[in-house]
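A structural walkthrough
Residues per chain are reported as follows:
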Amino acid sequence: MRHRITALAGAVVAGAVLHTLAPAAPAAAEVPGFDVRVTAPDRFTVTRPAQTVTAVVTSESRQCRKVRWVLVVRTPVDAEQLRVTRVEEAGEFDTSTSTEGDTTTIIDEDLDPGTLCRGRTVTGRWQISFDGPDGGDVRFEARAFDQQETLLTTAAASAEIRGERAVSPSPEPSESPDGEDEESAGDAGDEGNDEGTAIVPPTDDTPAALVADQTSLLGPGLIVGGICVFLGVLLLLRLRTRSRVARVEEQTLPTGFYQMPPRR
């Protein structure tokens, strides 16, 4: 049972890794025998000239098909800052655009002028720019459909939008453990203080001065204390040495009188 759980977990992790790496490589064709590659710049800079995103679809089928391109742009940047122009050799190509949340979809009004056959490709090109000021990440997903609106294949590429500021989600109000937000809790605390003695918050200068005084006195105090301890130990050692010398001298002094040597 444990081996089965380990194998299942490994399969889930492997699937997640493959899903993460999918944007960097051509996606598997929805219809066997078709493949598309998407090429995009690594970086877009707001207010700079438009850059080209290209999608090239290939076929292994013996049957030739017409292609309709759909480009899906996903980015947290506001869709009003996005500028997309579908182009062909003859010039601008008509498209329809729709936006839902952070996703903008650009659909060709007509089929691509080229014909997709074995050994022949069809290319879609989009001129893309961003007005700014926001920046962030962007993902381009190109989808190739045939004239029967059948999805042949899809692939994607990612890029960075360098703007004057990065897009960040709006902060959500935090809630207290009792389900009340911090503002309500703060109001309740103020009402409680009104009933008793008013609490005057300390000013910003007073704590800083106290901390500065304590910090400036701590160093000299430690030095003086260390010197006093050292002198005390030295004095004790000297007194002990003196007492030991005195004890030795007492033991070596004569305890009686010598007799006078006899006269000759």
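See above for the structure.
Description of the structure in this document. Residue positions within a chain follow its written sequence, with the count starting from 1. Only residues with pLDDT of at least 70 get local features here, since the model is predicted, and only at 80 or more are side-chain atom pairs given and counted; chain-wide, interface and lining totals rely on the full set of residues. Computation of side-chain values covers all heavy atoms of the structure but excludes hydrogens and water.

Bringing the sheet that holds strand β3 (residues 51–59) into the picture now. Strands are labelled as partners when DSSP assigns at least two bridges between them. Going along the chain from the N terminus, every DSSP run of H or I of four or more residues is numbered as a helix, and every run of E of two or more is numbered as a strand. Taken together, five strands build an open sheet; the order of strands is β1-β3-β11-β6-β7 and the sheet is antiparallel. The open sheet has two edge strands with one neighbour each: β1 (34–39) and β7 (91–92). Here strand β6 (residues 82–88) pairs with β7 via two bridges, running antiparallel. By the bridge assignment, glutamate 88 is partnered in β7 with glycine 91.

Residue placement: glutamate 141 occurs in strand β12 (residues 134–145). For the purposes of these results, a polar contact is taken to be a pair of N or O atoms within 3.5 Å, where, inside protein, one atom must be able to donate a hydrogen and its partner to accept one; residues adjacent in sequence count only when each atom of the pair is a side-chain atom. Here the side chain of glutamate 141 touches threonine 154 through a polar contact of 3.4 Å, side chain to side chain. Here glutamate 141 is in contact with Val70, Leu71, Val72, Arg74, Thr154, Ala155 and Ala156, once residues within four sequence places are set aside. Any pair of residues with heavy atoms lying within 4.5 Å of one another is described as a contacting pair.

Attention now goes to the packing of aromatic side chains. Two aromatic rings from Phe, Tyr or Trp, using only the six-membered ring of Trp, form a pair when their centres are within 6.5 Å; if the ring planes differ by under 30 degrees the pair is stacked, by over 60 it is edge-to-face, and anything between is tilted. What the rule picks out here adds up to three aromatic pairs. Look at phenylalanine 44 and phenylalanine 130: their rings are 5.6 Å apart centre to centre, the planes differ by 75°, and that puts the pair in the edge-to-face class. Remark: phenylalanine 130 occurs in strand β11 (residues 122–130) and phenylalanine 44 occurs in strand β2 (residues 43–45); sequence separation between them is 86 residues. By the burial criterion, phenylalanine 44 is buried, and phenylalanine 130 matches it. An aromatic cluster is present here, built from Phe44, Phe130 and Phe140 joined pairwise through their rings. Across the ring face of phenylalanine 93, the terminal group of arginine 86 is positioned such that the distance to the ring centre comes to 5.0 Å. The criterion is that NZ of a Lys, or CZ of an Arg, lies within 6 Å of the ring centre and within 35 degrees of the ring normal, and then a charge sits over that ring. Lying over the aromatic face of tryptophan 126, arginine 86 brings its terminal NZ or CZ to 5.4 Å of the ring centre. Residue burial is assigned from relative accessible area. The probe radius is 1.4 Å, only protein chains are included, and a residue is buried under 20% of its type maximum, exposed over 50%, and partly exposed in between.

What follows covers a negative patch on the surface. In this analysis, a patch consists of residues with relative accessible area above 30% that form no salt bridge, clustered at 9 Å for like charges and at 5 Å for the nonpolar side chains Val, Leu, Ile, Met, Phe, Trp and Tyr. Only the protein chains shown count as covering a residue, and every accessible area follows the Shrake-Rupley method with a 1.4 Å probe. One side-chain nitrogen of Lys or Arg within 4 Å of one carboxyl oxygen of Asp or Glu is enough to make a salt bridge. Positive charges are assigned to Lys and Arg, negative charges to Asp and Glu, while His and the chain termini are left out of the count. Just so you know, the charge point we use is NZ for Lys, CZ for Arg, CG for Asp and CD for Glu. A grouping of Glu92, Asp94, Glu109 and Asp110 is seen on the molecular surface, where their side chains present a negatively charged patch. Positionally, glutamate 109 belongs in the loop between β9 (103–108) and β10 (115–116). Among the residues examined, glutamate 109 registers a relative accessible area of 41% and is labelled partly exposed.

The next subject is unusual backbone geometry. Residue glycine 132 is joined to proline 133 through a cis peptide bond whose omega torsion reads 10°. On the secondary structure map, proline 133 appears in the loop between β11 and β12. Not every positive phi belongs to a glycine, and threonine 47 is a case in point at roughly 70°. With relative accessibility at 61%, the residue threonine 47 sits in the exposed group. You will see that glutamate 149, though not glycine, has its phi angle at about 65°, which is positive. Here glutamate 149 lies in the loop between β12 and β13 (151–162). Take glutamate 149: its relative accessible area is 47%, and that puts it in the partly exposed class.

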